[in-house]
Amino acid sequence: MTTTPPPAPPPPIRVLIADDQVMVRQGFTVLLNAEDGIEVVGQAVDGLDALAKVAELAPDVVLMDIRMPELGGIEATRRLTAPAGSAVKVLVLTTFDLDEYVYEALRAGASGFLLKDASAEELAQAVRVVAAGDALLAPNITKRLIAEFSRVTAAPRAPRRDRVGDLTERETEVLSLIAQGLSNAEIAARLVVAEQTVKTHVGRILVKLGLRDRTQAAVFAYETGVVRPAGY
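Residues numbered from 1 in each chain as written. Predicted model: local features only at pLDDT ≥ 70, side-chain atom pairs only at ≥ 80, totals over all residues. Heavy atoms only, no water.

Novice: Any details on the overall build of the chain? Residues and values, ideally.
Specialist: Helix and strand content of the chain: 11 helices and five strands. Expressed as a percentage of the 232 residues in the chain, the buried residues total 47%. If you take every contact in the chain between residues at least 6 apart in sequence, the share linking residues at least 24 apart comes to 68%. Carbon together with sulfur atoms contributes 55% to the accessible area of the chain, which is approximately 11400 Å² in total. (Helix = DSSP H or I, 4+ residues; strand = E, 2+ residues; numbered from the N terminus. Buried < 20%, exposed > 50% of the residue type's maximum accessible area, 1.4 Å probe, protein only. Contact = heavy atoms within 4.5 Å. Areas by Shrake-Rupley, 256 points an atom, 1.4 Å probe, with all protein chains shown as cover.)

Below you can see the structure in the form of structure tokens.
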């Protein structure tokens, strides 16, 4: 009798850490390399170095400090995520959770953000979530951040607002729920549909709107007025 060999484990999530502080880079490297399924493949000392290292090492996720010399994290994020077909995900690092630069980083293409004092468990979970692209990172914090800075932006951007018309009524409803921080399972329960149906809707939303992931969908929803911050 022949036995079927067990399936090979998935390849580890490849991570690049970009921060101008050596202690931060080394500390995160030690923490992440101790986690199953995660491998730190390199470190970068600033934004320009991060661009070069991404081209050389092809990481899945970049932990990107916002404030760095030579080239800051926001512009580095924009350059990494803008090219068509770019698969790398960016997780920005910050000291304060309501930092206006974090919101700019999300608009530039970051998939979420993480406080520098996060625990090892929070750090590893954030990397896995961003790599999977299937959930909004830290919904209670990221949603609050997006809503806070949406309050002080100008009226919904017309060119982006027009793109909402490409969505069906159900897709617009799903987009609204994404922006409120609901997972696929929670959206499925709210709409009384199968979770796979929600996944299909999410995929179509991202394609129609030309967005990278759920975080970008949430930013889009707030900026175009699909979802309004509480009290507005």
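Anyway, onward from the coordinates.
Novice: Outline the pairing of strand S2 (residues 38-44), listing residues and values.
Specialist: With five of seven residues buried, S2 lies mostly within the body of the structure. In terms of strand pairing, strand S1 (residues 13-18) meets S2 through six bridges, oriented parallel. Each residue of the ladder has a partner; that of Ile-13, found in S2, is Ile-38. (Pairing = 2+ DSSP bridges.)

Novice: I'd like a description of the side chain of Ser-111, backed by residues and values.
Specialist: Following the sequence through the fold, Ser-111 ends up in the loop between helix H4 (100-108) and strand S5 (112-115). The class for Ser-111 is buried, based on a relative accessible area of 4%. One polar contact links Ser-111 to Asp-213, side chain to side chain, over a distance of 2.4 Å. (Polar contact = N/O pair within 3.5 Å; in protein donor to acceptor, adjacent residues only side chain to side chain.)

Novice: Any details on the environment of Ile-178? Residues and values, ideally.
Specialist: Note on placement: Ile-178 falls in helix H8 (residues 169-179). Take Ile-178: its relative accessible area is 1%, and that puts it in the buried class. Placed 40 residues apart in sequence, Ile-178 and Ala-218 show a C-alpha to C-alpha distance of 6.2 Å.

Novice: Residue-level account of the packing of H4 against helix H11 (residues 214-223), with values.
Specialist: Remark: H4 packs on H11, axes separated minimally by 9 Å, with the N-to-C direction vectors making an angle of 105°. Considering the angle they form, H4 stands roughly perpendicular to H11. Taking contact as the criterion, the partners of Tyr-103, Leu-106 and Arg-107 in H4 are, on H11, Thr-215, Gln-216, Val-219 and Glu-223. Partitioned by chemical class, the residues of the contact of H4 with H11 number three nonpolar, two polar and two charged. (Axes fitted to C-alpha atoms, helices over the stretch in contact; angles between N-to-C directions. Parallel < 35°, antiparallel > 145°, perpendicular 65-115°, else oblique. Nonpolar A, V, L, I, M, F, W, Y, C, P; charged D, E, K, R; others polar.)

Novice: Residues and numbers for the packing of helix H9 (residues 184-191) against helix H10 (residues 195-209), please.
Specialist: The interhelical angle for the contact between H9 and H10, taken along N-to-C directions, is 110°, at an axis separation of 8 Å. The pairing of H9 with H10 is recorded here as roughly perpendicular in orientation. Within the contact between the two elements, H9 uses Asn-184, Ala-185, Ile-187 and Ala-188 and H10 uses Glu-195, Val-198, Lys-199 and Val-202. Of the residues belonging to the contact of H9 with H10, the class tally is five nonpolar, one polar and two charged.

Novice: How would you sum up the nonpolar core? Please name residues and give values.
Specialist: Residues Ala-18, Val-62, Met-64, Leu-80, Val-90, Val-92 and Ala-110 are the most contacted members of the largest nonpolar core, which totals 26 residues. Elements represented by at least two residues in this core include exactly S1, S2, helix H2 (47-57), strand S3 (61-65), helix H3 (73-81), strand S4 (89-94) and H4. It is H4 that contributes the most residues to this core, five residues altogether. Apart from residues no more than four positions distant in its own chain, Leu-80 is found in contact with Leu-51, Val-54, Val-62, Met-64, Ser-86, Val-88 and Val-90. Of all hydrophobic cores here, the second largest spans 23 residues; its members include Ala-179, Phe-220, Ala-221 and Tyr-222. (Core = buried A, V, L, I, M, F, W, Y, C linked by side-chain atoms within 4.5 Å.)

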